[in-house]
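One letter stands for each residue in the lines below.
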Amino acid sequence: MQQKSILKTGIAAALMLAFGMGAVQAQAQEVVRLGNLKFAHYGAVSYIKEIAPKCGIKVEEHIFAKGLDVMQAIIAGELDVGATASEAAISGRAGGAPIYVVAGFAKGGARLVGGVGQKIASVKDLKGKRVGVTRGGIQEVLLLAELSQAGLTYADTKGKDVQLVFLAYADLNQALMGKNIDAMMQSEPQSSQAINKGFGTEILKPYDTPIGEPVRTMVMTEKFYKERRPVAEKFMRCFVEATKTFIDNKATAEKYVREVVFRGQITKDDFDDAISNSPYSYDISPEHIQVTTDVMVKTGVGRMTKPPVAKDWVKTDLLEQAKKSLNVK
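What you see is a predicted model, and the numbers here were worked out from it, not measured in a lab. (Residues numbered from 1 in each chain as written. Predicted model: local features only at pLDDT ≥ 70, side-chain atom pairs only at ≥ 80, totals over all residues. Heavy atoms only, no water.)

## Details of helix α5 (residues 138–149)
Inference 1: Between its first and last C-alpha atoms α5 spans 16 Å; for 12 residues at 1.5 Å apiece the expected length is 16 Å, and the two agree.
Inference 2: Counting buried positions over the 12 residues of α5 gives 10, a clear majority of the element.
Inference 3: Where α5 terminates, the next one or two residues include G151, which has phi positive at roughly 80°. (Helix = DSSP H or I, 4+ residues; strand = E, 2+ residues; numbered from the N terminus. Expected span 1.5 Å × (residues − 1). Buried < 20%, exposed > 50% of the residue type's maximum accessible area, 1.4 Å probe, protein only.)

## A look at the sheet that holds strand β11 (residues 215–221)
Inference 1: Reading across the sheet, the five strands line up as β2-β1-β3-β11-β4 and stay open at both edges, with mixed pairing between neighbours. Each having just a single partner strand, β2 (58–64) and β4 (99–107) make up the two edges of the open sheet. Strand-to-strand twist across the sheet, computed as the mean angle between neighbouring axes with direction ignored, equals 20°.
Inference 2: With four bridges joining them, strand β3 (residues 81–84) and β11 adopt antiparallel strand pairing. Paired with G82 across the two strands is V219, which belongs to β11. (Pairing = 2+ DSSP bridges. Axes fitted to C-alpha atoms, helices over the stretch in contact; angles between N-to-C directions.)

## Examining the domain arrangement of the chain
Inference 1: Annotation of the chain at the domain level lists domain 1 (31–107 + 214–326) and domain 2 (110–204).
Inference 2: Its C-alpha centre places domain 1 at a distance of 25 Å from the equivalent point of domain 2.
Inference 3: Contact with domain 1, which involves 26 residues of that partner, is made by 22 residues of domain 2.
Inference 4: Carbon and sulfur atoms make up 62% of the area that domain 1 and domain 2 hide from each other, which totals about 1,800 Å².
Inference 5: Remark: the boundary between domain 1 and domain 2 carries zero salt bridges.
Inference 6: Taken together, the links from domain 1 to domain 2 amount to seven residue pairs in polar contact (both at pLDDT 80 or more).
Inference 7: If you list the elements that add at least two residues to the side of domain 1 that touches domain 2, you get α4 (86–94), α11 (268–276) and α12 (286–299).
Inference 8: Broken down by class, the residue content of the side of domain 1 that touches domain 2 amounts to 12 nonpolar, seven polar and seven charged. (Domains from an automatic or database assignment. Contact = heavy atoms within 4.5 Å. Buried area = accessible area lost by both parts, 1.4 Å probe. Salt bridge = Lys/Arg side-chain N within 4 Å of Asp/Glu carboxyl O. Polar contact = N/O pair within 3.5 Å; in protein donor to acceptor, adjacent residues only side chain to side chain. Nonpolar A, V, L, I, M, F, W, Y, C, P; charged D, E, K, R; others polar.)

## A short note on the state of the cysteines
Inference 1: Summed over all chains, the structure comprises one disulfide.
Inference 2: In this model, C55 is linked to C238 through a disulfide, with the two sulfur atoms separated by 2.2 Å. Here the S-S torsion is close to 85°, and the disulfide linking C55 with C238 is therefore right-handed. Linking C55 in helix α2 (residues 43–55) with C238 in helix α9 (residues 229–248), this pair joins segments that are 183 residues apart in sequence.
Inference 3: Given a relative accessible area of 15%, C55 falls into the buried group. (Disulfide = S-S within 2.5 Å.)

## Describing the nonpolar core
Inference 1: Grouped together as the largest cluster of nonpolar side chains are 96 residues, with contacts concentrated most on L126, M218, M220 and F235.
Inference 2: It is α9 that provides the largest number of residues to this core, a total of nine residues.
Inference 3: Both of domain 1 (31–107 + 214–326) and domain 2 (110–204) provide at least three residues apiece to this core.
Inference 4: Non-local contacts of L126, meaning those with residues more than four positions away in its chain, are made with L112, I120, V131, L147, L152, D161, V162, A183 and I203.
Inference 5: In terms of nonpolar packing, the next biggest core, distinct from the first, is built from eight residues, A175, I181, A194 and F199 among them. (Core = buried A, V, L, I, M, F, W, Y, C linked by side-chain atoms within 4.5 Å.)

## Comments concerning the sheet that holds strand β5 (residues 110–115)
Inference 1: The strand order across the open sheet formed by six strands is β7-β8-β6-β9-β5-β10, and the pairing between neighbours is mixed. This sheet does not close on itself; its edge strands, each paired only once, are β7 (154–155) and β10 (200–204).
Inference 2: Where helix α6 (residues 169–177) meets the sheet, it contacts β5, β6 (130–133), β9 (183–187) and β10, and its direction lies at approximately 145° from that of β9.

## Quick word on the packing of aromatic side chains
Inference 1: The full count for this structure, using the stated rule, is eight aromatic pairs.
Inference 2: Summarising the aromatic geometry, the rings of F39 and Y169 are spaced 4.9 Å apart at their centres and angled 80° between planes, so their arrangement reads as edge-to-face. In this pair, F39 is assigned in the loop between β1 (31–37) and α2 and Y169 in helix α6, connecting sequence segments 130 residues apart. Like Y169, F39 is buried.
Inference 3: An aromatic cluster of three or more residues is present, and its members are F39, Y42, F105 and Y169.
Inference 4: The ring of F166 has R135 sitting right over it, with the charged end atom 3.8 Å from the ring centre.
Inference 5: When the ring centre of Y100 is taken as reference, the NZ or CZ atom of K315 above it lies at 5.2 Å. (Phe/Tyr/Trp six-rings, centres within 6.5 Å; stacked < 30°, edge-to-face > 60°. Lys NZ or Arg CZ within 6 Å of the ring centre and 35° of its normal.)

## Topic: the pairing of strand β8 (residues 162–166)
Inference 1: Relative to β8, β6 is paired through four bridges, and the arrangement is parallel. Of the residues in β8, the one forming a bridge with V131 is L164.
Inference 2: Two strands pair when backbone bridges link them, and β7 and β8 are joined in this way by two bridges, in the parallel orientation. Within β8, the residue paired with A155 across the bridge is Q163.

## Overview of the packing of α4 against α12
Geometrically, a packed helix pair is captured by the angle between its two axes and the distance between the axes.
Inference 1: Put simply, α4 and α12 touch, their axes get as near as 10 Å, and they point 75° apart. By the angle class used here, α4 and α12 are roughly perpendicular. Counting all contacts with α4, which are made through S86, E87, I90 and S91, the residues of α12 involved are I289, T292, T293 and M296.
Inference 2: In the contact of α4 with α12, the residues fall into three nonpolar, four polar and one charged. (Parallel < 35°, antiparallel > 145°, perpendicular 65-115°, else oblique.)

Have a look at this one:
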């Protein structure tokens with residue numbers, strides 16, 4: 001009897017151990033590695049990690065300086081999902097990043113800002129000026145599209161109508177304040193900060209090119225999309241829920257972005273102005289990505305030898321499924 005009891009106990013212990021190991025392995029598979037950027041309109045993407053446990057997943061957020069860095073991390077196999085502007089996703093796909101665009105999480109998010117006292121009222125007034133922009137960002141695509149539309153030539157050396165000065169997002173405001181550049185095409189909330197702090201004036205919001213308002217893209221690796229489908233579905237529902245929270249509850253969005261993302265470094269006015277120029281959203285279309293790709297080819301941004309065809313890699317089925325399940329229009 002004692003031997004039977006010991007045997008039963010041993011079997012039970014072995015089963016519990018096996019079950020426990022299986023549970024640990026299952027839990028490990030539920031982790032989603034997310035690449036993100038530190039901007040006001042990327043706030044809902046950051047918020048996903050806060051509500052992830054109730055979505056049945058764990059989200060590990062990794063912050064990068066620019067979208068192209070997110071793409072490099074995806075190529076290196078370090079991320080499952082990434083949030084970035086469309087041009088980085090397009091350049092990444094052209095460069096071999098195995099990704100699909102699965103959603104759009106914000107619109108707009110760019111502003112052409114002139115230095116105080118520069119008397120720049122339109123894009124044509126940029127002739128003879130130094131204009132700062134971050135290389136490879138959607139702001140560069142929009143700036144070059146605006147300059148081309150106005151008939152102005154440009155280069156990062158002297159001799160053209162406009163001299164481009166390539167700087168990191170974090171350095172553009174300082175350069176404008178120090179009069180090292182005359183204008184800048186900047187993201188949010190930095191462009192709003194420049195205006196609110198009194199050293200910048202808005203020239204225009206650059207949405208009158210064929211691109212219109214640029215849509216920021218959520219991308220997934222092909223492997224995650226295809227091989228971890230149940231987790232991908234949970235993540236997408238979590239994205240829609242986080243975004244809906246920020247759209248419906250501005251106070252929650254403001255508190256989270258100002259206190260958690262920026263740790264008190266931006267004011268209420270900065271947040272309000274930034275989000276009015278870069279509202280949170282869900283949707284993306286192959287048409288928008290194709291137009292953006294075409295403008296990038298025309299302006300030479302990304303220097304793609306084989307531009308990707310949008311309809312081949314924009315996949316919105318997960319988004320549509322998630323929106324339907326949460327009754328989001």
